[in-house]
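# Structural characterization, general
For reference, the chains in residue letters:
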Amino acid sequence: MIEPLDTILSLVLLSILFSFGSSLLPGLIEVIAFQGIVVSIVPLFLAHDMVPAGIAFTLVTLLIRGIIIPLCIYLAIKKIAIRREVEPIIGFHASILAGLALIVVATFVSRKFDVPSISASALLLPTTITLLVAGMFILIARRNAIAMVLGYIMMENGIYLVGTTFSIRALHIVEFGILLDVLAAVMIMAIILQNINHTFDDVDTALLRTLKE
Amino acid sequence: MNLFFLSILIIVSGGVLSLCLLTRFTQMKMVAVGLIGSGCVIGLVDSLYKLFHPVSYMASFNYLNAFAISFETDGLSAFFLVPIFFVSLLAAIYSFHYMNNPGESLKTAVNYLFFGVLIASMAMVVTASNIITFLLSWELMSLSSFFLVIHNHGSPANRRAGYLYFVFSHVGAMFIFAAFGVMYSYTGSFDLITAATLPESLKITVFVLTFIGFGSKAGIFPLHVWLPHAHPAAPSHISAVMSGVMIKTGIYGILRMYMLLDLNTPLLGEIVVTAGMISGILGVVYALAQHDIKRLLAYSSVENIGIILIGMGIGMIGVSSGNEFMAVMGFAGALLHVMNHSIFKSLLFMGAGMVIHKTGTQAIDAMGGVLKKMKVTGFCFLIGSLAISGLPPFNGFVGEFFIYMGGFKGVGLDKTAFVLSHLAIISLAVIGGLAMACFTKVFGVVFQGEARSTYKHTLEEKEPAMLTSMIILAALCVVIGIFPGIFFHMALKGVSALGLGLGDVPMEPFLTMTGNITSSAFLFLCIFILIFALRTRLFKGKILAKAGTWGCGFTQPTPRMQYTGSSYGASIIDFFKPVAPLKENHPPVSGVFPKTTHYHSQIEDIAEVHMGNVIIRPVLWLFDKLRFIQHGDIHLYIGYILLTIIVLLFFV
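Keep in mind the model is a prediction, meaning the values are calculated, not measured.

Scanning chain B from N- to C-terminus turns up 22 helices and 4 strands. For 652 residues, the compact-globule estimate of 2.2 N^0.38 gives 26 Å, and chain B sits close to it at 26 Å. For chain B, the proportion of its 652 residues judged to be buried stands at 53%. Pairs at least 24 residues apart make up 79% of the contacts formed inside chain B by residues separated by at least 6 positions. For chain B, the distance from the average site of its 36 positive side-chain charges to the average site of its 28 negative ones is 13 Å.

Written as structure tokens, this is what we have:
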């Protein structure tokens, strides 16, 4: 029996592996956009009662997460017009291998948690954990600042999934809180990026080391 | 409780509104002073009412269902609320003319904002009834006073003082947190009242931890290091509030913990009396050696905290040895001294502020002759000095008198209590004598003689707001000194709230004592007036000539050839050399025609020096070794976060 929810979550997991393997920024942005879209439709397939307002919220989330934020970042790299490689610290093959290991560990670990809505899908919790850690992984393993922003967004996708998993009562409030966070964070990061680029003529975050006292 | 919250609301809104009126300097001050002042009046009336109607008032707010913000006023809280609101009221009035630079409009507004927050948080500290509320108010108080200290953040010395204060208040808070943590881990409840259920050994731990934590706020030696830096750095009305009232919240904390823990071992009294004697004597010795008038006043606060602690310690010894009279005398004397000190210390800080304002210097040895031009300030300062030296018929005498009485009761006890009571009495006497020397030095050098340098402004008193505050405080010094009955009654209300297991404290034996004080003060006043009248009468119709001091035949004296404060104190300081080393810088005079030379002396605070050697250096060394953690690579920083999360998730 194939549940639609399982399919969606598998897509999310796949998108993580793809994001680990993509070497150019535009490709990475596309993967993240796809992931955003997929993640935001998850609530539609969870067993909650869907009121019209709920659907509207989901659509807005999808719009922001899947289209607006990636578009903004895409335009930003066009504008700054800098190197388009993600500049890995950990190589792509090693990253993908790490991603696979991560999924395995996440699946193993998720059994230890006792979450009420886990019954919706066996994949939900592993995916969530994988997303969170994978976002962190990109933050750690990519030197390009924009790739790091994308890693952050991936993490936020994970947090969003956690929100949908845990909070059944105040679902949309949580969602919107997270969304606001993301928007604010992306804006702040854009400003910081501009400044880094302005100072170092590059967005390589390793250069920040020179600021050390 | 509603009136209490109303007053806090008004006080804080006064601070906030001042930010909205930045462009209109005078209106801003009027609004801020008006609102803060009226809030204080409401609070004062409310707390006086509560003090005389000793019922426990409670109020509680639930926030997010996680923890309650709750307040409770009993006699002890109400007793501390009285000086908090009263001194703040006068300080607010004083500030109206003290903050007189329209160019610093923003700074002034920020000052009022944090001033409002400080008053409100002090009031909340003494009324908080659970751990969360207490710590919240405590932190608010520390932070707002920190921002008040760095008012003149343009100068490096000020920033250094602010930093020192910040560190000390937070190290102190850390100890309080630790103590409350111990309490919470045992009781599992945020209510302070549950502290009584702790086992004996934990109680002592909690008391010692809170004693250190609150002691660093109160300025107990050797935790007083921040005081002589922060007080001179802050504006004078803020110093008045901080030294007069804020450090008393530390005393409140110690008293409250003593009351809550309900411990009946003689150890506590011994600790407190010993700490009190050390702070008292060393505080006044260091005060005597200071050159900066506000630093001197700050050290004198350390001394007075010492006196208060001696009183509390005598009270605790009285409780543990079952000596009812001694206990009541000790605690009531201590509480009365809390109130008295808040009055005369803020008076002295305000007077010092006035003088500094006009002369443009804080150095005692650069002033002189101020009394001739500033009669009101000088007279008020004189009253404050006499009161702080503990001389009758002023208020300082009354509090110390009751502590003495408590001490004399303890002489009849055995062993340790006997020794400590003797030592307490002796050290009180030593403190009194040295305080006398200290303040004759200040008054003699600053107010009398001739001006030793050219002053920034002409010496005149044209600030009615500043004068009013000082006159009210000076008048109160005299009133409490002559009619201590009602104020002693207030202190007794505070003591009975301590719940010493003595039941209702009878008033009669104390009433006769206060009555005796009143009659002897009257006698003293009568003699004084008589002598004064006699003098006027004898001098009537005679010619009074004024001339310079005889200079032993030297024909060209200058105002610089006057007795200085340093030389006045030198012989006494010399006696205390082991604990108060004097560093002198004085190239010797040699040859027939010696070149210009100079003399510079500075007293070293042994607490400061040793704290630097024993604690700060090793800590700095350790953290220097840990510097590799901060390597500047953002990716590894994120790695740290990930590691922390994983560790927290799986191992905690």
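Turning to the overall build of chain A, a few remarks are in order. A tally of regular secondary structure across chain A gives 8 helices and 0 strands. Along chain A, helices and strands appear, N-terminal first, in the series α-α-α-α-α-α-α-α. Of all 213 residues assigned to chain A, the portion counted as buried reaches 48%. For chain A, contacts bridging at least 24 residues in sequence account for 75% of all contacts bridging at least 6. Carbon and sulfur atoms provide 72% of the accessible area of chain A, an area that totals close to 10500 Å².

The relative placement of two aromatic rings is captured by the distance of their centres and the angle of their planes. Following the criterion strictly, the structure yields 29 aromatic pairs over all chains and no others. Arranged with centres 4.6 Å apart and planes meeting at 15°, the rings of Phe 114 of chain B and Phe 147 of chain B form a pair that is stacked. Taken together, the positions of Phe 114 of chain B in helix H4 (residues 105-127) and Phe 147 of chain B in helix H5 (residues 131-149) put the pair 33 residues apart, joining distant regions of the chain. Phe 147 of chain B gets classed as partly exposed once you look at its relative accessible area, which sits at 37%. In this structure an aromatic cluster arises from ring pairing among Phe 114, Phe 146, Phe 147 and Phe 166 of chain B. Over the ring of Tyr 160 of chain A we find Arg 65 of chain A, and its NZ or CZ is 4.5 Å from the ring centre. The side chain of Lys 29 of chain B reaches across the aromatic face of Phe 96 of chain B, ending 4.9 Å from its centre.

Quick look at helix H7 (residues 200-218) of chain B now. Residues and elements named next belong to chain B. Its 19 residues give H7 an end-to-end C-alpha distance of 26 Å, which sits within 8% of 27 Å, the value for a rise of 1.5 Å per residue. Of all the positions in H7, only Lys 203, Val 206, Phe 207, Leu 209, Thr 210, Phe 211, Gly 213, Phe 214, Gly 215, Ser 216, Lys 217 and Ala 218 are classed as buried. On its buried side, H7 packs onto H5, helix H6 (156-187), helix H8 (227-233), helix H9 (236-261), helix H10 (266-288) and helix H11 (293-320). Remark: Gly 219 follows H7 within two positions and exhibits a positive phi of approximately 90°.

Time to look at the interface of chain A and chain B. Often, the extent of an interface is quoted as the loss of accessible area on bringing the components together. On the side of chain B, 12 residues touch chain A, which itself brings 14 residues to the contact. Here chain A packs against chain B, burying approximately 1200 Å² in sum over the two surfaces, 73% of which is carbon and sulfur. Counting every contact that joins chain A to chain B gives 0 salt bridges. At the junction of chain A with chain B, the criterion picks out 0 residue pairs in polar contact (both at pLDDT 80 or more). Counting residues per element, the side of chain A that touches chain B draws most heavily on helix H6 (residues 124-141) of chain A, which supplies 4 residues. Split by residue class, the side of chain A that touches chain B holds 9 nonpolar, 1 polar and 4 charged.

Residue and element names in this part refer to chain B. On inspection of all chains with the given rule, the structure shows 8 salt bridges over all chains. Here Asp 74 makes a salt bridge to Arg 256, at a shortest N to O gap of 2.9 Å. Residue Asp 74 is found in the loop between strand E2 (67-73) and helix H3 (75-98), and its partner Arg 256 is found in helix H9; the two are separated by 182 residues along the sequence. The pair formed by Asp 74 and Arg 256 is uniform in burial state, with each residue classed as buried. Between Asp 624 and Arg 627 there is a salt bridge, and its shortest N-O distance comes to 3.7 Å. Its relative accessible area of 46% is what places Asp 624 among the partly exposed residues. A relative accessible area of 46% means that Arg 627 is categorised as partly exposed.

Looking now at the environment of Leu 150 of chain A. Residues and elements named next belong to chain A. Relative to the assigned elements, Leu 150 resides in helix H7 (residues 145-166). Its relative accessible area of 2% is what places Leu 150 among the buried residues. Linking Leu 150 and Ile 29, residues 121 residues apart in sequence, is a C-alpha distance of 7.1 Å.

A general feature of soluble globular proteins is that nonpolar side chains tend to end up buried together. By size, the foremost hydrophobic cluster in this structure holds 198 residues, and its most contacted members are Phe 80, Phe 115, Ile 251, Leu 309 and Met 312 of chain B. Three or more residues apiece are contributed to this core by two domains, here domain 1 (264-533) and domain 2 (606-651) of chain B. Not counting residues within four places of it along the chain, the set of residues in contact with Phe 115 of chain B comprises Ile 36, Ser 88, Ala 91, Ala 92, Leu 148, Ile 238 and Val 241 of chain B. Membership of the second largest hydrophobic core comes to 46 residues, among which are Leu 9, Phe 20, Ile 64 and Leu 193 of chain A.

Residues and elements named next belong to chain B. Relative to each other, helix H16 (residues 415-447) and helix H20 (residues 565-575) sit at 165°, their axes nearing to 9 Å. As summarised for this structure, H16 and H20 are arranged roughly antiparallel, according to the angle between their axes. In the packing of H16 onto H20, the handedness of the crossing is right-handed. Residue-level contacts link Leu 434, Ala 437, Thr 440, Lys 441 and Val 445 of H16 to Gly 565, Tyr 568 and Ile 572 of H20. Across the contact of H16 with H20, the residue classes tally to 5 nonpolar, 2 polar and 1 charged.

In this section: the confidence of the model for chain B. Here chain B averages 86 in pLDDT, while 98% of its residues score no lower than 70. Model confidence for the complex: the whole-complex pTM is 0.80, and ipTM, which rates the interface, is 0.73.

The end-to-end C-alpha distance of helix H5 (residues 92-110) of chain A is 26 Å, a good match for the 27 Å that 19 residues give at a rise of 1.5 Å each. Packed against the buried residues of H5 of chain A are helix H1 (4-21) and H6 of chain A together with helix H22 (634-651) of chain B.

What follows deals with the packing of helix H2 (residues 25-52) of chain B against helix H18 (residues 484-497) of chain B. Residue and element names in this part refer to chain B. Closest axis-to-axis distance for the H2/H18 pair is 9 Å, and the angle between their directions is 70°. The orientation of H2 relative to H18 falls into the category roughly perpendicular. Facing H2, whose interface residues are Leu 48, Leu 51 and Phe 52, H18 presents Ile 486, His 489, Met 490 and Lys 493. Per-class residue counts for the contact of H2 with H18 are 5 nonpolar, 1 polar and 1 charged.

Thresholds applied
Residues numbered from 1 in each chain as written. Chains lettered and ligands numbered in written order. Predicted model: local features only at pLDDT ≥ 70, side-chain atom pairs only at ≥ 80, totals over all residues. Heavy atoms only, no water. Helix = DSSP H or I, 4+ residues; strand = E, 2+ residues; numbered from the N terminus. Rg over C-alpha atoms; globule rule 2.2 N^0.38 Å. Buried < 20%, exposed > 50% of the residue type's maximum accessible area, 1.4 Å probe, protein only. Contact = heavy atoms within 4.5 Å. Lys, Arg positive; Asp, Glu negative; His and termini not counted. Charge placed at Lys NZ, Arg CZ, Asp CG, Glu CD. Areas by Shrake-Rupley, 256 points an atom, 1.4 Å probe, with all protein chains shown as cover. Phe/Tyr/Trp six-rings, centres within 6.5 Å; stacked < 30°, edge-to-face > 60°. Lys NZ or Arg CZ within 6 Å of the ring centre and 35° of its normal. Expected span 1.5 Å × (residues − 1). Buried area = accessible area lost by both parts, 1.4 Å probe. Salt bridge = Lys/Arg side-chain N within 4 Å of Asp/Glu carboxyl O. Polar contact = N/O pair within 3.5 Å; in protein donor to acceptor, adjacent residues only side chain to side chain. Nonpolar A, V, L, I, M, F, W, Y, C, P; charged D, E, K, R; others polar. Core = buried A, V, L, I, M, F, W, Y, C linked by side-chain atoms within 4.5 Å. Domains from an automatic or database assignment. Axes fitted to C-alpha atoms, helices over the stretch in contact; angles between N-to-C directions. Parallel < 35°, antiparallel > 145°, perpendicular 65-115°, else oblique. Left-handed = near helix turned anticlockwise from the far one by under 90°. pLDDT = per-residue confidence, 0-100.

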